[in-house]
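The residues making up each chain are set out below.
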Amino acid sequence: MGIIPFGGANKKYMAKKASKSKPKATSTKKKNPFKISKKNKIILGSLLVLFSIALFFSFVSFYFTWEHDQSLLTEFKNRNEEAKNLLNKFGASISHFFVYKGFGIATLIIPFLLCLTGIYMFLGLDKKGLAKKWIWGLLFLVWFSIAFGFFAVESPLLGGLVGYEMNDFLQDYTGKIGVLLLLVFGLIFILVRLFDVTPEGVAEFFKSKRNELSADFKRSKPSDNPENIDDEITVSNEDGAQVLVDTYTHKEEIPHLAKDEDEFKVTVPKEEEEELAMEVEQIVEEPEEIDILASKLVDDFGEFDPTLELGNYKFPTIDLLDAHGVSGGITINQEELEENKDKIVETLKNYKIGIAQIKATIGPTVTLYEIVPDAGIRISKIKNLEDDIALSLAALGIRIIAPIPGKGTIGIEVPNKNATVVSMRSVIASSKFQKAEMELPIAFGKTISNETFVVDLAKMPHLLMAGATGQGKSVGLNAVLTSLLYKKHPAEVKFILVDPKKVELTLYNKIERHFLAKLPDSEEAIITDNTKVINTLNSLCIEMDNRYELLKLAMVRNLKEYNTKFKARKLNPNDGHKYLPYIVLVIDEFADLIMTAGKEVETPIARLAQLARAIGIHLIVATQRPSVNVITGIIKANFPARIAFRVTSKIDSRTILDAQGADQLIGRGDMLYTQGNDVTRIQCAFVDTPEVAKITEYIGSQRAYPEAHELPEYVGEDSGTSVDYDIEDRDKMFREAAEVIVIAQQGSASLIQRKLKLGYNRAGRIIDQLEAAGIVGAFEGSKARQVLIPDMASLQQLLDNEGL
């Protein structure tokens, strides 16, 4: 973020400009003499690590060599004498000082703390947590020294001289019982503050251990009595075969609770079978029993891991992305800043608008000049000078924000002469994205203050994108998909990709069995046919209803709570419960679908937008025609998050954002983002087609699921009529109409109207009869129906077979 202030009041502006030529006194910042350079940190850090290793070996060997080396401590300067300590006389001397005269065996904590400090300095890590580690380390040092001095009075090497003397001092005033109580208090303090030990946790630990011992004791005594069975029982089915009844079942590869099934199987007499089954059901239906059983399952097998099937899956590496543009941030052109500032001030001065203060915030493609006008200046007066300021700056297009939300300033956004490309690599590698604790994090790019912009798709919950051709919509969609591919496992999210243009999203075919979802009998995962789009949307509605039913049975409100409960093994898969991944529907060109299918597309999309948020289905819709007949009121009402790339008119800007500004963007990924409140200007991250190809190739080359994620089956109904007209009920003009259609090879009611001079209703009925007879195809929206009969000879043969 680069914020550069520009001077003070407007009255002093001319005087400051005149004094520019005068030499200014330069003030140099006083350097901190205690600040260590990076190179010196590396050197000092490595020294501390090596020194700590030396101390460790000398302290450990002291316990084996101290008797021999004791006599050499007074002859340290004699080079002919040699100690048995691993570090010779130096090790013997320093060990004698720290271990014998110091803290005993607890002295081993000192090398650990020195090594930790060295690592922090060597790697340049944040030292905030280091001081805390030293405090706890020294506390442990003192406590262990006193404890060993108390319990091992006869062996001063364990507690050291410090531990011995402190025990002696404390016992003179409190006695042995007092010292013991102080040690116990110190232990409680350490356990509670450092390890978060609570009485409830300790009780739960001993309770679980007692239950395990009890279970082991029961298992060690096999009995014919069914009461000795802990978790599993065996009943006879209709064929008389023994069947193991488990109160919680899972996939076949997960082992049963019993280690040896044959050892614990008990055959129940048929007269008791019904009673026993009812008892099992009652156990499962009790919420408290379910929680106990789930807790035991988690203890035995751990939480359910949805990523286990693809446990060796590797996330894409950052090396697959290219570093576009200049590495190292934004280059500040001071001359350009001064020139633009002067022109803005001069233009406003020509209209008698004084400026009290002006400063600049430099972004990748745009610089924001924040001005504070003199008292009494109307904001609307500055707002109306947008075109005049653009003329004076000779800029492609400027945008005035009057006022900036949350600030007492007016913003003037001016495009930079040399824009900086924001690479997807820099955005993905940013700490803001890497540390984002979001369900579906999306890194769009960088803001005007050069900060990485990351949002959660799960909270949007749907996204509407619009912009003219070639302004960055497809790159924006790739940025969204790339963000999710870098952050989510294939088990956690699935994509449904709709690409009417048939060329924008084809690269994602390689990850079909990892990340894509499709209809059961569909050959291609990328949907390009409008009929399949309608079926897919209706299938998603069925999936939405099914998921809501599961949420109702699980007594939770949203997908996150449901999956958390399922992973804790509190939901039984036998009841239809399963782990539910997020589903993201991406439509690249929405206008084409509306033109061809109309209400058939709009209705399910509106239904999904209204209801699908809680069950993890999210929509991303892009269009290059943000007109009111494409982005209708129903759709806008349910898409609070919107992105506008450059559009051609203010009307289009208002349609997508409910505000002006999108028509003044400069293109090439320059975009405005809103989530129902403030509008944020962002430079979209650039990810090129070869980069997407490398990412999909990297993922596609790994082990995948057997097939793509299947959506519920949906049997579509034709938009025309499904009524099979009887031959006797056909119109008198049926044969003539069939001949007209076959000759023209165009199946439309309007053609029959014109050629046979019929009314619209009668022509529509004839078209339905022609469809029932197999002469024309099904209704396809605004398109003409397909003619199924190629020539008159085939038509004549068909009609003769029907007896016409």
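Residues numbered from 1 in each chain as written. Predicted model: local features only at pLDDT ≥ 70, side-chain atom pairs only at ≥ 80, totals over all residues. Heavy atoms only, no water.

### Some thoughts on the overall build of the chain
Then step 1. Within the chain, the regular secondary structure consists of 28 helices and 18 strands.
Then step 2. Looking at the chain as a whole, 44% of its 804 residues qualify as buried.
Then step 3. Within the chain, contacts between residues at least 6 apart in sequence are counted, and of these 68% link residues at least 24 apart.
Then step 4. Per element, the accessible surface of the chain, about 44,300 Å² overall, is 55% carbon and sulfur. (Helix = DSSP H or I, 4+ residues; strand = E, 2+ residues; numbered from the N terminus. Buried < 20%, exposed > 50% of the residue type's maximum accessible area, 1.4 Å probe, protein only. Contact = heavy atoms within 4.5 Å. Areas by Shrake-Rupley, 256 points an atom, 1.4 Å probe, with all protein chains shown as cover.)

### Focus on helix 24 (residues 689–700)
Then step 1. Over its 12 residues, helix 24 runs 16 Å from end to end, which matches the ideal 16 Å to within 8%, given 1.5 Å per residue.
Then step 2. Of all the positions in helix 24, only Glu691, Val692, Ala693, Ile695, Thr696 and Ile699 are classed as buried.
Then step 3. The elements touched by buried residues of helix 24 are helix 16 (473–487) and helix 17 (512–515). (Expected span 1.5 Å × (residues − 1).)

### Description of the side chain of threonine 655
Then step 1. Residue position: threonine 655 is located in helix 23 (residues 650–657).
Then step 2. Owing to a relative accessible area of 7%, threonine 655 belongs among the buried residues under this scheme.
Then step 3. There is a polar contact of 2.8 Å between the side chain of threonine 655 and the backbone oxygen of isoleucine 651.
Then step 4. The residues touching threonine 655, leaving out its near neighbours within four places in the chain, are Pro626, Ser627, Val628, Ile631 and Lys636. (Polar contact = N/O pair within 3.5 Å; in protein donor to acceptor, adjacent residues only side chain to side chain.)

### Some remarks on the pattern of salt bridges
Then step 1. With the rule as written, the count across this model stands at 25 salt bridges.
Then step 2. Aspartate 658 is the partner of lysine 636 in a salt bridge, and the nearest nitrogen-oxygen pair spans 2.8 Å. With a gap of 22 residues between them, lysine 636 in helix 22 (residues 633–637) and aspartate 658 in the loop between helix 23 and strand 16 (670–674) connect regions that are remote in the sequence.
Then step 3. Assessed through its relative accessible area of 48%, aspartate 658 is described here as partly exposed.
Then step 4. Across the pair arginine 785 and aspartate 768 runs a salt bridge, and its minimum N-O distance is 3.8 Å. Of the two residues, arginine 785 sits in the loop between helix 27 (760–772) and helix 28 (792–801) while aspartate 768 sits in helix 27, which places them 17 residues apart along the sequence. Each member of the pair, arginine 785 together with aspartate 768, is buried.
Then step 5. A cluster of three or more residues bridged by salt bridges with shared partners is formed by Arg399, Glu413, Asp670 and Arg681. (Salt bridge = Lys/Arg side-chain N within 4 Å of Asp/Glu carboxyl O.)

### Section: the sheet that holds strand 15 (residues 641–644)
Then step 1. Overall, mixed pairing links the nine strands, which are arranged 9-8-17-16-15-10-14-13-11 in an open sheet. Either end of the sheet is taken by a strand with one partner, and the two such strands are strand 9 (452–456) and strand 11 (493–498). Mean inter-strand twist for the sheet, computed between neighbouring axes without regard to direction, equals 30°.
Then step 2. Sheet topology places strand 8 (residues 441–447) next to strand 17 (residues 679–684); three bridges connect them, and they run antiparallel. When the sheet's bridge partners are listed, lysine 446 is paired in strand 17 with glutamine 683.
Then step 3. The strands touched by helix 20 (residues 590–597) are strand 11, strand 13 (582–587) and strand 14 (617–623); relative to strand 14, the strand with the most contacts, the crossing angle is about 90°. (Pairing = 2+ DSSP bridges. Axes fitted to C-alpha atoms, helices over the stretch in contact; angles between N-to-C directions.)

### Things to note about the packing of aromatic side chains
Then step 1. Under the counting rule described, the total for this entry stands at 16 aromatic pairs.
Then step 2. Taking 5.1 Å as the distance between ring centres and 85° as the angle between the ring planes, the aromatic pair formed by phenylalanine 304 and phenylalanine 566 counts as edge-to-face. Residue phenylalanine 304 is found in the loop between helix 10 (287–301) and helix 11 (334–350), and its partner phenylalanine 566 is found in helix 19 (residues 559–567); the two are separated by 262 residues along the sequence. The same class applies to phenylalanine 304 and to phenylalanine 566, which are both buried.
Then step 3. Three or more aromatic residues joined by ring pairs make a cluster, and in this case those are Phe140, Trp143, Phe144 and Phe148.
Then step 4. Stacked on the ring of phenylalanine 433, the Lys or Arg lysine 487 has its end atom at 5.2 Å from the ring centre. (Phe/Tyr/Trp six-rings, centres within 6.5 Å; stacked < 30°, edge-to-face > 60°. Lys NZ or Arg CZ within 6 Å of the ring centre and 35° of its normal.)

### Let's talk about the confidence of the model for the chain
Then step 1. Averaged over all residues, the pLDDT of the chain equals 80, while 82% of them reach at least 70.
Then step 2. Scored below 50 in pLDDT, residues 222–238 shows 43 contacts in the model against residues more than four places distant or in partner chains.
Then step 3. Confidence over residues 718–723 falls short of pLDDT 50; this stretch has 10 contacts with residues more than four positions distant or in other chains. (pLDDT = per-residue confidence, 0-100.)

### Digging into the nonpolar core
Then step 1. With 111 residues, the main nonpolar core has Phe444, Phe495 and Tyr673 as its most contacted residues.
Then step 2. Ranked by residue count, the leading element in this core is helix 18 (residues 530–554), at nine residues.
Then step 3. Contact partners of phenylalanine 495, with chain neighbours within four places excluded, come to Leu481, Leu484, Leu485, Phe515, Leu516, Ala517 and Val584.
Then step 4. Core analysis: the second largest hydrophobic core is formed by 23 residues, Val99, Ile109, Leu114 and Ile190 among them. (Core = buried A, V, L, I, M, F, W, Y, C linked by side-chain atoms within 4.5 Å.)

### A closer look at the pairing of strand 13
Then step 1. When you tally the buried positions in strand 13, you get six out of six residues, the bulk of the element.
Then step 2. Of the two faces of strand 13, the one holding Tyr582, Val584 and Val586 and the one holding Ile583, Leu585 and Ile587 are both buried throughout.
Then step 3. Relative to strand 13, strand 11 is paired through six bridges, and the arrangement is parallel. Looking at strand 13, one finds that isoleucine 496 is bridged to leucine 585.
Then step 4. When strand 13 meets strand 14, the two strands line up parallel, connected through five bridges. When the bridges of strand 14 are listed, valine 584 appears paired with histidine 618.

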